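# Remarks on the overall topology
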Amino acid sequence: MSLPPIAAQARQITKSFGNGNAKVQVLHGIDLDAYESEILMLLGPSGCGKTTLISILAGTLTPDDGELEVLGEPLHRMKSSAITRFRAKNVGFIFQQFNLIPTISCEENVAVPLLIQGMSLSKALPHARKSLEEVGLIEHRKKRPNQLSGGQQQRVAIARALVHQPRLIICDEPTAALDAENGQRVMELFRNLMRQPGRCAIVVTHDHRILRYSDRIATMNDGRIVESVATADFDFDHHR
Ligand SMILES: Nc1ncnc2c1ncn2[C@@H]1O[C@H](COP(=O)(O)OP(=O)(O)O)[C@@H](O)[C@H]1O
Ligand SMILES: [Mg+2]
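Residues numbered from 1 in each chain as written. Chains lettered and ligands numbered in written order. Predicted model: local features only at pLDDT ≥ 70, side-chain atom pairs only at ≥ 80, totals over all residues. Heavy atoms only, no water.

What follows covers the overall build of the chain. A tally of helices and strands in the chain yields seven helices and ten strands. Computed over its C-alpha atoms, the radius of gyration of the chain comes to 18 Å, within 12% of the 18 Å expected for a compact globule of 240 residues. When the backbone C-alpha atoms are referred to their principal axes, the chain occupies close to 50 × 45 × 40 Å. When each of the 240 residues of the chain is scored for burial, the buried share is 50%. Across the chain, every contact between residues at least 6 apart in sequence was considered, and the portion connecting residues at least 24 apart equals 69%. Within the chain, one finds 28 positive and 26 negative side-chain charges whose respective centroids are separated by 8 Å. (Helix = DSSP H or I, 4+ residues; strand = E, 2+ residues; numbered from the N terminus. Rg over C-alpha atoms; globule rule 2.2 N^0.38 Å. Buried < 20%, exposed > 50% of the residue type's maximum accessible area, 1.4 Å probe, protein only. Contact = heavy atoms within 4.5 Å. Lys, Arg positive; Asp, Glu negative; His and termini not counted. Charge placed at Lys NZ, Arg CZ, Asp CG, Glu CD.)

This is the structure we're talking about:
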């Protein structure tokens, strides 16, 4: 069986924070491949560099060294203005805390990325509604975020991350603030999203209950990828 096209490829990515004696190297030469149509989960202990790595893949953080190709674009050779444009077009980022604006409706929250890009509210709202439909919340579009459950709020945040139809979806512990049932609903939604061609999701998680929704699992430790396997080959007992 041939592999689908590569969505994101990292080669020998390094990153440190701080200067001089306070300098700490966080990523020690990361090699990682993420393919189209797959959910790649990134597992590893707190502090091992997961958020740093996905921020680099999303183009919000610059690596010190290494090569990074995302959706065919060589991010490591691009200027920051070009990376910003690339990110606005192609990357959707979902945070652990939903980061919704409490004073406006769900559909307005979902429209925000388009408003930031300069689209008018009347043009943006139909896109926001389409995105809310995709996450199954269209009937709640006029409600404020705090009128919804935690799981529904996370789905609104996902709709917001999808409103500009990004091909690369990057999530930092998207189920961490959810109970088991809502976490599973969110992951089922991700599986459905992957049916659209050309998409890829990279999901950081601590939550072993959602690993089975992935196609591949990469395990990180101390700034390195120590294992990357198809989910079918993952040793769940060993990692418990
Ligand atoms: N902006 C920063 N400045 C200094 N140190 C940082 C910064 N971001 C992360 N770190 C450090 O890098 C290490 C890895 O952090 P992070 O990528 O957030 O790990 P994880 O997401 O796996 O918990 C931690 O030791 C953290 O303190
Ligand atoms: Mg983190």
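So much for the structure itself; the text now carries on.
Among the secondary structure elements, Ser55 is positioned in helix α1 (residues 50–57). For Ser55, a relative accessible area of 12% corresponds to the buried category. When sequence neighbours within four positions are dropped, the list of residues in contact with Ser55 reads Thr60 and Leu61.

Every residue close to ligand 1 is listed here: Phe17, Val26, Pro45, Ser46, Gly47, Cys48, Gly49, Lys50, Thr51 and Thr52. Interatomic distance of 3.1 Å between a backbone N/O atom of Gly49 and an oxygen atom of ligand 1. With the chains in place, 53% of the 560 Å² that ligand 1 exposes on its own is no longer accessible. Counting residues per element, the shell around ligand 1 draws most heavily on α1, at three residues. When its residues are assigned to classes, the shell around ligand 1 shows four nonpolar, five polar and one charged. (Near = heavy atom within 4 Å. Polar contact = N/O pair within 3.5 Å; in protein donor to acceptor, adjacent residues only side chain to side chain. Areas by Shrake-Rupley, 256 points an atom, 1.4 Å probe, with all protein chains shown as cover. Nonpolar A, V, L, I, M, F, W, Y, C, P; charged D, E, K, R; others polar.)

What follows concerns helix α2 (residues 80–90). Quick reminder: α-helices carry 3.6 residues per turn. Residues three or four places apart thus point the same way. Residues of α2 that are buried: Ile83, Phe86 and Asn90. Buried residues of α2, viewed axially, fall in a sector of 60 degrees; they line one side. Residues of α2 that are exposed and point more than 90 degrees away from the buried face comprise Ser80, Arg85 and Lys89. Where α2 is buried, its residues touch β4 (65–70), β5 (73–74), β6 (91–94) and β7 (168–172). (Arc of directions from axis to C-beta.)

So, on to the packing of aromatic side chains. Under the defined criterion, the tally for this structure stands at two aromatic pairs. With a centroid separation of 5.1 Å and 40 degrees between ring planes, the pair formed by Phe93 and Phe95 is classed as tilted. Between Phe234 and Phe236, the ring centres sit 5.0 Å apart and the planes meet at 80 degrees, which makes this aromatic pair edge-to-face. (Phe/Tyr/Trp six-rings, centres within 6.5 Å; stacked < 30°, edge-to-face > 60°.)

A separate point is empty space enclosed by the protein. Tallied over the entire structure, the rule returns one cavity of 30 Å³ or more. In this structure, the largest cavity encloses a volume near 40 Å³. Lining the largest cavity, in full, are Thr175, Leu178, Asp179, Ala180, Gly183, Gln184, Asp207, Arg209 and Ile210. Residues belonging to the lining of the largest cavity are distributed by class as follows: three nonpolar, three polar and three charged. (1 Å grid on protein atoms, 1.4 Å probe; cavity = no way out; pocket = protein on both sides within 12 Å on 5 of 7 lines; lining within 4 Å. Points joined across faces, edges and corners; volume = space filled by probe spheres on them.)

At their nearest, the axes of helix α5 (residues 150–162) and helix α6 (residues 180–193) sit 9 Å apart, and the two run at 25 degrees to each other. Relative to α6, α5 is oriented roughly parallel. Where α5 crosses over α6, the handedness of that crossing is right-handed. Judged by residue contacts, Gly151, Gln154, Arg155, Ile158 and Leu162 of α5 engage Asn182, Arg185, Val186, Leu189, Phe190 and Leu193 from α6. (Axes fitted to C-alpha atoms, helices over the stretch in contact; angles between N-to-C directions. Parallel < 35°, antiparallel > 145°, perpendicular 65-115°, else oblique. Left-handed = near helix turned anticlockwise from the far one by under 90°.)

This brings us to the sheet that holds strand β3 (residues 39–43). In spatial order, the strands read β6-β7-β8-β3-β9-β10; together these six strands make up an open sheet with mixed pairing. Because the sheet does not close on itself, it has two edges, and the strands there are β6 and β10 (224–230). Across this sheet, the average inter-strand angle for adjacent strands is 15 degrees, counted without regard to direction. Relative to β10, strand β9 (residues 216–221) runs antiparallel, the two sharing six bridges. When the bridges of β10 are listed, Ile217 appears paired with Val229. Against the sheet, α1 makes contact with β3, β6, β7, β8 (200–204), β9 and β10, and its axis sits at roughly 160 degrees relative to β7, the strand it touches most. (Pairing = 2+ DSSP bridges.)

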